[in-house]
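The lines below spell out each chain.
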Amino acid sequence: MNAERAQWLADYAPQILDAVVDAIITIDSTGRMLSVNAAAIRKFGYTEAEMVGQPLAMLMPERFARVHQGYVENYLANGQAKIIGVGRELVAQSKSGHEFPIYLAVSEIRTDQGVFFAGIVRDLTEQKAAEEALYEQRERLSQVARLSTMGEMTASIAHEINQPLTAISMYAQACMKLLKMDDVNTDKLDDALSKLNRQALRAGAVIERIQRFVRHEDGERQMVDINALVSDLGHLAAGDARLHGIDLQFDLDPGLPSVLCDPIQVQQVALNLIRNAIDAMHEIGCANGHQLTVSTYCEGGNVEVAVIDCGTGVAEDQTDLLFSAFHTTKKDGMGMGLSICKSIIEDHGGELNFRNNEACGSTFYFRLPVTADE
Ligand SMILES: Nc1ncnc2c1ncn2[C@@H]1O[C@H](COP(=O)(O)OP(=O)(O)O)[C@@H](O)[C@H]1O
Ligand SMILES: [Mg+2]
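Because the structure is a prediction, the values reported are computed rather than measured. (Residues numbered from 1 in each chain as written. Chains lettered and ligands numbered in written order. Predicted model: local features only at pLDDT ≥ 70, side-chain atom pairs only at ≥ 80, totals over all residues.)

(A) Structural detail: the overall build of the protein chain. For the protein chain, the helix and strand inventory stands at 10 helices and 12 strands. Here the protein chain has a C-alpha radius of gyration of 31 Å; the compact-globule value for 374 residues is 21 Å, and the former is much larger. Each principal axis of the C-alpha atoms in the protein chain carries an extent, and together these give about 105 × 60 × 40 Å. In the protein chain, which comprises 374 residues, the proportion classed as buried is 23%. Look at the contacts in the protein chain between residues 6 or more apart in sequence, and 61% of them connect residues 24 or more apart. (Helix = DSSP H or I, 4+ residues; strand = E, 2+ residues; numbered from the N terminus. Rg over C-alpha atoms; globule rule 2.2 N^0.38 Å. Buried ≥ 20, exposed ≤ 12 C-beta atoms within 10 Å, placed from the backbone. Contact = placed C-beta atoms within 7 Å.)

(B) Molecular detail of the environment of Gln-137. Tracing the sequence through the fold places Gln-137 in helix H5 (residues 125-152). Look at Gln-137 and you get exposed, because 10 C-beta atoms sit within 10 Å. Taking the C-alpha atoms as reference points, Gln-137 and Glu-283, 146 residues apart in sequence, are found 33 Å from one another.

(C) Summary view of the site of ligand 1. Taken together, 23 residues surround ligand 1, and among them Asn-276, Ala-280, Thr-328, Gly-333 and Gly-337 come closest. Mapped by element, the contributors of at least two residues to the shell around ligand 1 are helix H9 (263-283), helix H10 (337-347) and strand E12 (362-369). Broken down by class, the residue content of the shell around ligand 1 amounts to eight nonpolar, 13 polar and two charged. (Near = placed C-beta within 6 Å. Nonpolar A, V, L, I, M, F, W, Y, C, P; charged D, E, K, R; others polar.)

(D) Focus on the sheet that holds strand E10 (residues 302-308). Sheet architecture is open: five strands sit in the order E7-E9-E10-E12-E11, paired in mixed fashion. Of all strands in the sheet, those bounded by a partner on one side alone are strand E7 (247-252) and strand E11 (351-356). Put simply, the sheet's adjacent strands are angled 15° from each other on average, direction ignored. Alignment of E11 against E12, held across six bridges, turns out to be antiparallel. (Pairing = 2+ DSSP bridges. Axes fitted to C-alpha atoms, helices over the stretch in contact; angles between N-to-C directions.)

(E) Focus on helix H7 (residues 186-215). Taking 1.5 Å of rise per residue, the 30 residues of H7 would be expected to cover 44 Å, and the 42 Å separating its terminal C-alpha atoms lies within 8% of that figure. Just beyond H7, the residue with positive phi is His-216, at close to 50°. (Expected span 1.5 Å × (residues − 1).)

The following block contains the structure:
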């Protein structure tokens, strides 16, 4: 640095430090604060005199202060500074006890007087709030899409529930008839009642599956057996397929490893692909055949789910638009399905795509990594 510039910096350094938006705090090798800038005073609510000379740990909640003190002691013992050069997300605490998320980057400054550290503290409150809002918005959108998928399936769902209800009514009438007979045949009565019970449970299971799918209470990721998930989904989609004269088949790889994912969201993706496939086959009156296959397999560290249809296939001029929001070729389509599915899968570190089949129709597939990147 030339002398002129050095002088300029020396003259204006305090002003520059105080003009910076982030809090800048220097500490000595024992973790005590040497200086604080104006932003630090503003953010933490202490006066300069209250901070300088005190341990940096006073700016963190108790539970983090202990960890931090461990770092300092480790540094004093063997010179290893764990957070130097790498930034870290932490939680800070102001004088009033208010906790807020921060990003702390620490650099080491070596002088002839010894070593000290400069910590730059960035308040992440607004960034975190924006992330949270985005997450919530996506969750809501996903919820709307689930409801709309269910809406599209109303006819088949109604049918799926009506069937057991009709059977229940029939068995109930049979029981009443049996009861009116002179010598009541308890074996027959028992048989009819247990059939009635089975049908009631069946209707209940349909409703429970729909509720679970639509509500999606806790969006937690867990180790999931994708085959079980796909089979369970088969129960939801089977009625819809049947209603459209489509033969829904499963080709599941028995050696599939579990993957870390949000099961309801992944089910939502698979159900959307199946719904689209049914639409594409229905559109041409199943002219290419009635078979719709959902297959699972493991390849190259990924679990893959493929929905293979023999529907319209995807026209060349559509391929770039397919995954855009609100793109639809259906007269009452919403065009949100694939765009939401893609974001769900990418959020899981996976990939969603499609290819046209050689003979007819297309295959939409998604891959999820077996070892999720933490
Ligand atoms: N299996 C498929 N075969 C052919 N075209 C498909 C298939 N799946 C999706 N598409 C096309 O992608 C478009 C967007 O799908 P999607 O985002 O689910 O919205 P929507 O189903 O409401 O139209 C569909 O309108 C259709 O043109
Ligand atoms: Mg769709």
